[in-house]
Amino acid sequence: MVFPSREGSDHITTETVRNVVEDLAVEADVCPRRTDGESAEPEELHPHALRHSLASYMLKDETTRLIDVRNRLRHRSIQTSERVYEHFQRR
């Protein structure tokens, strides 16, 4: 188990994971990226934002194709990737 709970139950809540990620981001001064590619504050970091940050960093490399992002993020279809990251297609 990666994230055992303090209460000894089999799992921890989604809220607890969000809180841990946010607290660590603030402590480490990690600045995530939004889906528009702009920097965000550490307090804005949540687990799903890590996915957006990864896609943003990948797409800053002009050799990265949208299909590469789709495969890395494991979107079911390329249309999902296009919808979320279409603004990078116009660079």
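As recorded by an unreviewed UniProt entry, the protein carries the name Tyrosine-type recombinase/integrase and is attributed to Halosimplex rubrum.

Section: the pattern of salt bridges
Counted according to the given criterion, the structure contains 1 salt bridge. Residue aspartate 68 is joined to arginine 65 by a salt bridge in which the shortest nitrogen-to-oxygen separation is 2.9 Å.

A short note on the nonpolar core
Counting residues in each nonpolar core, the largest one holds 7 residues, listed as Ala55, Met58, Leu59, Leu66, Val69, Leu73 and Tyr85. Elements with a minimum of two residues in this core: helix 2 (47-60) and helix 3 (66-73). Look past the residues within four positions of leucine 73 in its chain and what remains in contact with it is Arg51, Leu54, Ala55 and Tyr85.

Quick notes on the rules
Residues numbered from 1 in each chain as written. Predicted model: local features only at pLDDT ≥ 70, side-chain atom pairs only at ≥ 80, totals over all residues. Heavy atoms only, no water. Salt bridge = Lys/Arg side-chain N within 4 Å of Asp/Glu carboxyl O. Core = buried A, V, L, I, M, F, W, Y, C linked by side-chain atoms within 4.5 Å. Buried < 20%, exposed > 50% of the residue type's maximum accessible area, 1.4 Å probe, protein only. Helix = DSSP H or I, 4+ residues; strand = E, 2+ residues; numbered from the N terminus. Contact = heavy atoms within 4.5 Å.

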